[in-house]
Amino acid sequence: QVQLVESGGGLVQAGESLRLSCAASGSVSIINTMGWYRQAPGMQREFVATVTSGGSTDYADSMKGRFTISRDSAKSTVYLQMNSLKPEDTAVYYCNAGTAGKYRYDYWGQGTQVTVSS
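Reading the values: the criteria
Residues numbered from 1 in each chain as written. Predicted model: local features only at pLDDT ≥ 70, side-chain atom pairs only at ≥ 80, totals over all residues. Heavy atoms only, no water. Disulfide = S-S within 2.5 Å. Helix = DSSP H or I, 4+ residues; strand = E, 2+ residues; numbered from the N terminus. Buried < 20%, exposed > 50% of the residue type's maximum accessible area, 1.4 Å probe, protein only. Pairing = 2+ DSSP bridges. Axes fitted to C-alpha atoms, helices over the stretch in contact; angles between N-to-C directions. Salt bridge = Lys/Arg side-chain N within 4 Å of Asp/Glu carboxyl O.

J.: Can you explain the state of the cysteines? Please cite residues and give values.
T.: Tallied over the entire structure, the rule returns one disulfide. Cys 22 shares a disulfide with Cys 95; S-S distance 2.0 Å. A torsion of -85 degrees about the S-S bond marks the disulfide between Cys 22 and Cys 95 as left-handed. Of the two residues, Cys 22 is situated in strand E3 (residues 18-26) and Cys 95 in strand E9 (residues 91-99); the sequence distance between them amounts to 73 residues. With a relative accessible area of 0%, Cys 22 lands in the buried category.

J.: Break down the sheet that holds strand E1 (residues 2-7) for me, with residues and values.
T.: Pairing between the strands of a sheet comes from backbone hydrogen bonds, and it takes one of two forms, parallel or antiparallel. The four strands lie next to each other as E1-E3-E8-E7, forming an open sheet whose pairing is antiparallel. At either margin of the open sheet sits one strand with a lone partner, and together these are E1 and strand E7 (67-72). In this sheet, adjacent strand axes meet at a mean angle of 15 degrees when their direction is disregarded. Note that E7 and strand E8 (residues 77-82) share six bridges and pair antiparallel. Within the sheet, the bridge partner assigned to Ser 70 lies in E8 and is Tyr 79.

J.: Can you break down the pattern of salt bridges residue by residue, with the values?
T.: By the definition in use, this model includes five salt bridges. One salt bridge connects Asp 106 with Arg 104, and the closest N-O pair in it is separated by 2.7 Å. Using a relative accessible area of 30% as the deciding quantity, one classes Asp 106 as partly exposed. Within the structure, one salt-bridge network assembled from shared partners comprises Arg 38, Glu 46, Arg 66 and Asp 89.

Written out as C-alpha cells, the structure is:
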C-alpha cells in the first residue's frame, strides 16, 4: 500500500505562484510514476503533469511553460511549481502514484484546494 499526502494549496491572486508537494509513504519502492491531476467544480478530473522514476516528464498542453513538476526520489516526494496562475486553474489538485509492472495500479491523495482569484 502507498499513502499520499498533499500540501501547499491555498488562495492566490491571478499571476501569482504556488508550490504543491506530495509525500508518499508505505511501499514506495513499487511506485513508477508520480503526478498531478485536478478537478474543477462540475468538471471531470484532468491530467496536469507526471514524472517517471527515471525523471521523464509530461504535461498537459495548457500547463506547459507555466507548471513544472519535479521529484525527489530520496524523499519519495513530488512537487508541482505553478506560476502565472489563472482563475481557470482553480480546482482540487490530486497527487497520483502509479505502480510499475504489467498491471498498473493507481494511488491517490486526498486532494488540496487551489483557488485563484481574478
